[in-house]
Amino acid sequence: MKPRSLTLTLAAGLLLTGFAAAAPVKLGNVPVTVEPNAKMLTLSAAGIRSAFPSAAGRPDAVFMTEDRKVSVAFEWRASKLAANEVSKLVEQFPGVIRAQVPNVKTLKANLVTLGGSPWAQFVFTTPSQGDELRRELMVTSVGGRMLVMTIAGNVKDYSRNEAVVRNLANSVRVN
């Protein structure tokens, strides 16, 4: 797994736009509505293609904090996932993360509820120069498919931006 937040910071200001109000926003083809605020920016389609050149693993929607240090990405994968399997991921997926992500320092797995839907939450850190990288994967089932929300940044930047990131994450409503 590559640290994508570093790539995202390369996206110039022209590829980012802000939101003036917290009106609910439908995320294109992703069956999700969120309520961003002026402190969150969104990466345009061109910005997403630039930051994620490979179509494999390219998110469908990406938000960034004002300082461009923490990203929140949404990806509606073709992978099958039944609603009753979300809770099973909490037990099964930590082994997958440890096998695929080198040098996992900490890893916490929980089942949480966002917008009335169950989500498997995985928060893990890995070493990096100067500060640890923090990744949070949130996984749920929508229409029998896997929906993934990834929150990425380093630990210090996440701490500074936690309120705005949590507000966005908590505003997620599956359509």
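Let us look at the structure shown here. In this numbering scheme, every chain counts its residues from 1 along its sequence in written order. Only residues with pLDDT of at least 70 are given local features in this predicted model, and only at 80 or more are side-chain atom pairs given and counted; all residues enter the totals for whole chains, interfaces and linings. Based on all heavy atoms of the structure, the side-chain values leave hydrogens and waters out of the count.

1. What to know about the sheet that holds strand E2 (residues 25-26)
Strands in a sheet are paired, the pairing made by backbone hydrogen bonds, and the direction either parallel or antiparallel. The sheet built from three strands is open, its strands ordered E2-E3-E11 with antiparallel pairing. Each having just a single partner strand, E2 and strand E11 (173-174) make up the two edges of the open sheet. Any two strands between which DSSP finds at least two bridges are classified as paired. A run of H or I in DSSP counts as a helix once it spans at least four residues, and a run of E counts as a strand once it spans at least two, with each numbered from the N terminus. Bridging between E2 and strand E3 (residues 32-34) involves two bridges; their strand directions are antiparallel. Bridge assignment links lysine 26 to a residue of E3, and that residue is threonine 33.

2. Digging into the nonpolar core
Counting 24 residues, the largest nonpolar core has Leu27, Val32, Val34, Phe63, Val72, Phe74 and Met149 as the members making the most contacts within it. Among the secondary structure elements, those contributing two or more residues to this core are E3, strand E5 (61-65), strand E6 (71-80), strand E9 (133-142), strand E10 (145-154) and helix H4 (155-170). Ranked by the residues each element gives to this core, the list is headed by H4, at five residues. What is meant by a nonpolar core is a set of buried Ala, Val, Leu, Ile, Met, Phe, Trp, Tyr and Cys residues, joined one to another through side-chain atoms within 4.5 Å. Remark: exposure states derive from per-residue accessible area (1.4 Å probe, protein chains only) relative to the maximum for the residue type, with buried under 20%, exposed over 50%, and partly exposed in between. Formed by 15 residues, the second largest nonpolar core is a distinct cluster that contains Leu81, Val86, Ala120 and Leu137.

3. Regarding unusual backbone geometry
Here arginine 68, not a glycine, exhibits a phi torsion of approximately 60°, which is positive. Although it is not a glycine, asparagine 103 sits at a positive phi angle of roughly 60°.

4. Let's talk about H4
Multiplying one less than the number of residues by 1.5 Å gives the expected span of a helix. When the terminal C-alpha atoms of H4 are compared, their 20 Å separation across 16 residues is substantially less than the 22 Å that a helix rising 1.5 Å per residue should span. Note on bend: the value at a residue is the angle between axes fitted to the seven residues ending there and to the seven starting there. Helix geometry: H4 is bent most strongly at asparagine 161, by close to 70°. Of the residues making up H4, those classed as buried are Asp157, Tyr158, Asn161, Val164, Val165, Arg166, Leu168 and Ala169. A side-chain oxygen of the first residue of H4 lies 3.3 Å from the backbone nitrogen of lysine 156; this N-cap is asparagine 154. Pairing of N or O atoms within 3.5 Å defines a polar contact, subject to two protein rules: one partner must be a possible hydrogen donor and the other a possible acceptor, and residues neighboring in sequence count only if both atoms are side-chain atoms.

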